[in-house]
Amino acid sequence: MKALLLIDIQNDFVPGGRLAVPGGDAILQNVNKLQVHFDLVVATQDWHPAGHQSFASSHPGQAPFAQIDLHGLPQTLWPDHCVQETPGAALHPALDTRRVEAIFRKGMAPDIDSYSAFFDNGHRKATGLTAYLRGRGVTDVYLAGLAGDFCVYFSALDAQAAGFTTHVITDATRAISDDGFRAALAGMEAKGTHLVLSSDLLANTNDY
């Protein structure tokens, strides 16, 4: 069984949002077209409490994108984003959610960030997504969404480590940094993740 995992396609991660990914809204057409071709569609949401410790505003004197040690883990400090119950945390209104069977929220613990859809950054607590996918009989995971050099990247590595055959749909993903995305793609591929194009999947539906 093949699942499409839609990573953090939220208002704060598209142009006009508080942590905008360049061209983040450009993936929506591909993402919506792809959904009907998968057995299962699951989405994730960054869902931070106000004052989350990954926010630069929680550390006086620190600017967004500074690098610090946060409770023993390296941490990029971000602009406040995807704060629970705010418009920025909502899924993008142009995202077709009719086939989304479950939404997994992450980043809720105030003292640790959670890039991956599967674990927090310290792998201290699981989100439950691994068990959910296994319970549904999923063997192959296809990832699309935002941002390719952070949340998609770490989700792909964790999916691979969990034993799922893992694919990243590169033209249905956008990154904060072009250089970061190139490094992320190389890192994912080195771990065995398959890099695919939505056009190839749509043209060869029976092959994936």
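Please read these numbers as outputs of a predicted model, since none were measured by experiment. (Residues numbered from 1 in each chain as written. Predicted model: local features only at pLDDT ≥ 70, side-chain atom pairs only at ≥ 80, totals over all residues. Heavy atoms only, no water.)

## A word on the nonpolar core
Among the nonpolar cores identified, the biggest contains 58 residues, and Leu5, Leu6 and Leu133 are the most heavily contacted of them. Ranked by the residues each element gives to this core, the list is headed by helix 3 (residues 151-161), at six residues. Each residue touching Leu5, except ones within four places of it in the same chain, is listed here: Val42, Thr44, Ala117, Phe118, Leu129, Val141, Tyr142, Leu143 and Ala144. Core analysis: the second largest hydrophobic core is formed by five residues, Ala66, Ile68, Leu70 and Leu77 among them. (Core = buried A, V, L, I, M, F, W, Y, C linked by side-chain atoms within 4.5 Å. Buried < 20%, exposed > 50% of the residue type's maximum accessible area, 1.4 Å probe, protein only. Helix = DSSP H or I, 4+ residues; strand = E, 2+ residues; numbered from the N terminus. Contact = heavy atoms within 4.5 Å.)

## Focus on the pattern of salt bridges
Within the structure shown, the criterion is met by five salt bridges. Across the pair Asp8 and Lys106 runs a salt bridge, and its minimum N-O distance is 2.8 Å. A residue pair is termed long-range when its members are at least 10 positions apart, and Asp8 in the loop between strand 1 (2-7) and helix 1 (28-35) and Lys106 in strand 5 (residues 100-106) qualify at 98 residues. A relative accessible area of 2% means that Lys106 is categorised as buried. For the salt bridge of Asp96 with Arg98, the shortest nitrogen-to-oxygen distance reads 2.8 Å. Looking at Asp96, the relative accessible area reads 22%, which means it is partly exposed. (Salt bridge = Lys/Arg side-chain N within 4 Å of Asp/Glu carboxyl O.)

## Regarding the sheet that holds strand 6 (residues 140-146)
In spatial order, the strands read 5-2-1-6-7-8; together these six strands make up an open sheet with parallel pairing. Only two strands of the sheet have a single partner each, and these edge strands are strand 5 and strand 8 (194-196). Strand-to-strand twist of the sheet, defined as the mean angle between neighbouring strand axes without regard to direction, takes the value 25°. Where strand 1 and strand 6 come together, six bridges link them in parallel fashion. Looking across to strand 6, one finds that Ala3 is bridged to Val141. (Pairing = 2+ DSSP bridges. Axes fitted to C-alpha atoms, helices over the stretch in contact; angles between N-to-C directions.)

## Considerations on the environment of Pro93
Summarising the element assignment, Pro93 is placed in the loop between strand 4 (73-76) and strand 5. Between the alpha carbons of Pro93 and Leu28 there is a distance of 10.0 Å; along the sequence they are 65 residues apart.

## Notes on the UniProt feature "domain: Isochorismatase-like" (unreviewed entry) in the chain
With numbering matched to this structure, UniProt assigns "domain: Isochorismatase-like" (unreviewed entry) to residues 3-196. Secondary structure across residues 3-196 divides into 20% helix and 24% strand, with the first and last C-alpha atoms of the span separated by 15 Å. (UniProt positions renumbered as here; feature names shortened; annotations may be inferred.)

## A word on helix 4 (residues 178-190)
Compared with an ideal rise of 1.5 Å per residue, which puts 13 residues at 18 Å, helix 4 spans 18 Å between its outermost C-alpha atoms and is within 8% of the ideal. Looking at helix 4, one finds that the buried residues are Phe181, Ala184, Leu185 and Met188. For helix 4, the arc enclosing every buried residue in end-on projection is 100°, short of the 170-degree limit, so these residues lie on one face. Turned more than 90 degrees away from the buried face of helix 4, the exposed residues are Asp179, Arg182, Ala183 and Ala190. In this structure, the buried side of helix 4 is in contact with helix 3, strand 7 (165-174) and strand 8. The residue sitting at the N-terminus of helix 4 and contributing the capping side-chain oxygen is Ser177; that oxygen lies 3.3 Å from the backbone nitrogen of Asp179. Downstream of helix 4 by one or two residues, Gly192 has phi in the positive range, about 105°. (Expected span 1.5 Å × (residues − 1). Arc of directions from axis to C-beta. Polar contact = N/O pair within 3.5 Å; in protein donor to acceptor, adjacent residues only side chain to side chain.)

## Some points on the side chain of Thr173
Looking at where Thr173 falls in the secondary structure, it is placed in strand 7. Among the polar contacts listed, one links the side chain of Thr173 to the backbone oxygen of Ile169, at a separation of 2.9 Å. Setting aside anything within four residues of it in sequence, one finds Thr173 in contact with Ile27, Leu143, Ala144, Gly145, Gly148, Val152, Val168 and Phe181.

## Brief notes about the packing of helix 3 against helix 4
One way to put it is that helix 3 packs onto helix 4 with a least axis distance of 10 Å and a crossing angle of 5°. By the angle between their axes, helix 3 is roughly parallel relative to helix 4. In this structure, helix 3 uses Val152, Tyr153, Ala156 and Leu157 to contact helix 4, whose residues at the interface are Ala184, Gly187 and Met188. Residue composition of the contact of helix 3 with helix 4, by class: six nonpolar, one polar and no charged. (Parallel < 35°, antiparallel > 145°, perpendicular 65-115°, else oblique. Nonpolar A, V, L, I, M, F, W, Y, C, P; charged D, E, K, R; others polar.)

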